[in-house]
Amino acid sequence: MILFRSEGRQGAVEEADDLQQALQATGCDVIKMEWSEATELHNMIESALSRIVTDCSLLTVCLMSHGSRGALADCHGIRIPVNHILHQFSFSLPQEIPLV
């Protein structure tokens, strides 16, 4: 899963595309989503997990954004602690699926 924010990040789309191609070349199924707002990110994660959880044996998450000190920044400057995102995955994924 590639979650990226491009606003204010020159080359972010190309970077996400390159990462997607590299993961697909190794045989991974890839979901790539661009986000801009904190609530949008949360909803995207929940929606994606509901679609893949039954067929997933390993989940790799690439979260690409500007931020500082353990937090991401959305388009409005709202800080999203990375730990909140990790907890969301931890609570939404079955325990048998490793989160990398």
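Structure: above.
Conventions used here
Residues numbered from 1 in each chain as written. Predicted model: local features only at pLDDT ≥ 70, side-chain atom pairs only at ≥ 80, totals over all residues. Heavy atoms only, no water. Pairing = 2+ DSSP bridges. Helix = DSSP H or I, 4+ residues; strand = E, 2+ residues; numbered from the N terminus. Buried < 20%, exposed > 50% of the residue type's maximum accessible area, 1.4 Å probe, protein only. Lys, Arg positive; Asp, Glu negative; His and termini not counted. Salt bridge = Lys/Arg side-chain N within 4 Å of Asp/Glu carboxyl O. Contact = heavy atoms within 4.5 Å. Core = buried A, V, L, I, M, F, W, Y, C linked by side-chain atoms within 4.5 Å. Axes fitted to C-alpha atoms, helices over the stretch in contact; angles between N-to-C directions. Disulfide = S-S within 2.5 Å.

Draft legend 1. Spotlight on the sheet that holds strand 5 (residues 71-73). The strand order across the open sheet formed by 3 strands is 4-5-6, and the pairing between neighbours is antiparallel. The outermost strands of the open sheet, each flanked by one partner alone, are strand 4 (67-68) and strand 6 (79-81). Across 2 bridges, the pairing between strand 4 and strand 5 is antiparallel. Among the inter-strand pairings, Gly67 is bridged to a residue of strand 5, identified as Leu72.

Draft legend 2. Geometry of the side chain of Arg5. By secondary structure assignment, the location of Arg5 is in the loop between strand 1 (2-4) and helix 1 (12-25). Salt bridges are absent for the buried Arg5, whose nearest opposite-charge side chain, Glu7, sits at 4.1 Å. Residue contacts for Arg5: discarding those within four places in its chain leaves Ala12, Trp35, Ser36, Met64, Ser65, Ala73, Asp74 and Cys75.

Draft legend 3. The arrangement of unusual backbone geometry in detail. At Arg69, a position not held by glycine, the phi torsion is positive, near 45°. Tracing the chain through its elements places Arg69 in the loop between strand 4 and strand 5.

Draft legend 4. Inspection of the nonpolar core at higher detail. Met1, Leu3, Leu41, Leu49, Leu59 and Phe89 are the most contacted members of the largest nonpolar core, which has 19 residues in total. Taken together, the elements giving at least two residues each to this core come down to helix 2 (38-52) and helix 3 (82-92). Of the residues forming this core, the biggest block, 6 residues, is contributed by helix 2. The residues touching Leu49, leaving out its near neighbours within four places in the chain, are Met1, Leu59, Phe89, Ser92 and Leu93. Of all hydrophobic cores here, the second largest spans 7 residues; its members include Ile2, Ala16, Leu23 and Met64.

Draft legend 5. The arrangement of the sheet that holds strand 3 (residues 62-64) in detail. If you trace the 3 strands from one edge of the open sheet to the other, you get 2-1-3, paired in parallel fashion. Bordering the open sheet on either side are strand 2 (32-34) and strand 3, each of which pairs with just one other strand. This sheet shows a mean twist of 10° between the axes of neighbouring strands, independent of strand direction. Across 3 bridges, strand 1 lies against strand 2 in parallel orientation. Residue pairing across strands places Ile2 opposite Lys32, the latter belonging to strand 2. Sheet strands touched by helix 1: strand 1, strand 2 and strand 3. Its angle to strand 1, the strand with the most contacts, is close to 175°.

Draft legend 6. Spotlight on the state of the cysteines. One pass over the structure, following the stated rule, counts 0 disulfides. For the unlinked cysteine Cys28, the closest cysteine sulfur is that of Cys62, found at 9.2 Å. Judged by relative accessible area, which is 36%, Cys28 ranks as partly exposed.

These values are about where atoms sit, not about what they do.
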